[in-house]
Amino acid sequence: LTSPLRVKAAMLELISMYLESIPEGNALTYPTPELQKIEAVLKYIDEHLAENITVEELAKQVYLHPNYFIVFFKSFLGFSPIQYVNHRRMEVAKKLLLQPDCNISDVAARIGMQLYYFSRMFKAHTGLTPSRYRKQAFCILESGAET
């Protein structure tokens, strides 16, 4: 009953031993079609953060059905596509908040969110409101510059 599984396990073990024996510089590093699709989607997300990004739009970028795309995306990144988009938005917002000439309303607009929703999501993501995050970051930067 388990012999097909044992054969498959033995084959996978042989393949992994072979791949481990290849010196690192000699390994072929051609991106797989799946990896190319993920890279295309991540690039699209970064280029369109200020827009309303839907799963349907993301799936269309790589010619997949939206339901399959969600599973496909999550298997690579561990997040659903929308969770990843929101995570990227918060990471970009953190960088923008460190720019003194960029106010909180501008940050929200640049990442495609309404101010009230941005503030709520930012606090959930970091534990701080955007203004508190900015104040703490500036205090840290100032204390680092004094030493």
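Conventions adopted
- Residues numbered from 1 in each chain as written.
- Predicted model: local features only at pLDDT ≥ 70, side-chain atom pairs only at ≥ 80, totals over all residues.
- Heavy atoms only, no water.
- Helix = DSSP H or I, 4+ residues; strand = E, 2+ residues; numbered from the N terminus.
- Buried < 20%, exposed > 50% of the residue type's maximum accessible area, 1.4 Å probe, protein only.
- Polar contact = N/O pair within 3.5 Å; in protein donor to acceptor, adjacent residues only side chain to side chain.
- pLDDT = per-residue confidence, 0-100.
- Patch = residues over 30% accessible without salt bridge, like charges linked within 9 Å, V, L, I, M, F, W, Y side chains within 5 Å.
- Areas by Shrake-Rupley, 256 points an atom, 1.4 Å probe, with all protein chains shown as cover.
- Salt bridge = Lys/Arg side-chain N within 4 Å of Asp/Glu carboxyl O.
- Phe/Tyr/Trp six-rings, centres within 6.5 Å; stacked < 30°, edge-to-face > 60°.

A.B. asks: So what exactly am I meant to see when it comes to the environment of T126 here?
C.D. replies: Looking at where T126 falls in the secondary structure, it is placed in helix α7 (residues 115-126). Residue class for T126 comes out partly exposed when judged on its relative accessible area of 26%. In sequence terms T126 and E91 are 35 residues apart; their C-alpha atoms lie 9.8 Å from each other. A polar side-chain atom of T126 sits 3.1 Å from the main-chain carbonyl oxygen of L128.

A.B. asks: I keep staring at the confidence of the model for the chain and nothing clicks. Help me out?
C.D. replies: Low pLDDT means the predicted atomic positions in that stretch should not be read closely. Averaged over every residue, the pLDDT of the chain is 89; the share at 70 or more is 93%. Highest mean pLDDT in the chain belongs to helix α3 (residues 55-61) (97); lowest belongs to helix α1 (residues 3-21) (80).

A.B. asks: Sorry if this is basic, but what is going on with unusual backbone geometry here?
C.D. replies: Negative phi characterises most residues that are not glycine, and trans characterises most peptide bonds. Positive phi values are uncommon outside glycine, yet Y63 reaches one of about 60°. Here Y63 lies in the loop between α3 and α4 (66-77).

A.B. asks: What's the story with a nonpolar patch on the surface in this structure? I'm lost.
C.D. replies: Taken together, V7, M11, L14 and M17 make up a surface patch of nonpolar side chains, about 400 Å² in accessible area. Following the sequence through the fold, M11 ends up in helix α1.

A.B. asks: Is there a simple way to think about the pattern of salt bridges in this case?
C.D. replies: Working definition: two side chains of opposite charge can pair if their charged atoms are close together. What the rule picks out here adds up to three salt bridges. Where K43 meets E47, a salt bridge forms, and the shortest distance between an N and an O atom there is 3.9 Å. With K43 and E47 both in helix α2 (residues 33-47) and four residues apart, this pair spans about one turn of that helix. With a relative accessible area of 53%, K43 lands in the exposed category. On the accessibility criterion, E47 (52% relative accessible area) is exposed. Between K94 and E91 there is a salt bridge whose closest N-O contact spans 3.3 Å.

A.B. asks: Whenever I open this one, the packing of aromatic side chains confuses me. Can you help?
C.D. replies: Working definition: an aromatic ring pair is given by the centre-to-centre distance plus the angle between the planes. For the coordinates displayed, the defined rule picks out six aromatic pairs. Taken together, a centroid distance of 5.7 Å and an interplanar angle of 65° make the contact between F73 and Y84 edge-to-face. Taken as a pair, F73 in helix α4 and Y84 in helix α5 (residues 81-97) lie far apart in primary sequence, eleven residues in all. Given a relative accessible area of 13%, Y84 falls into the buried group.

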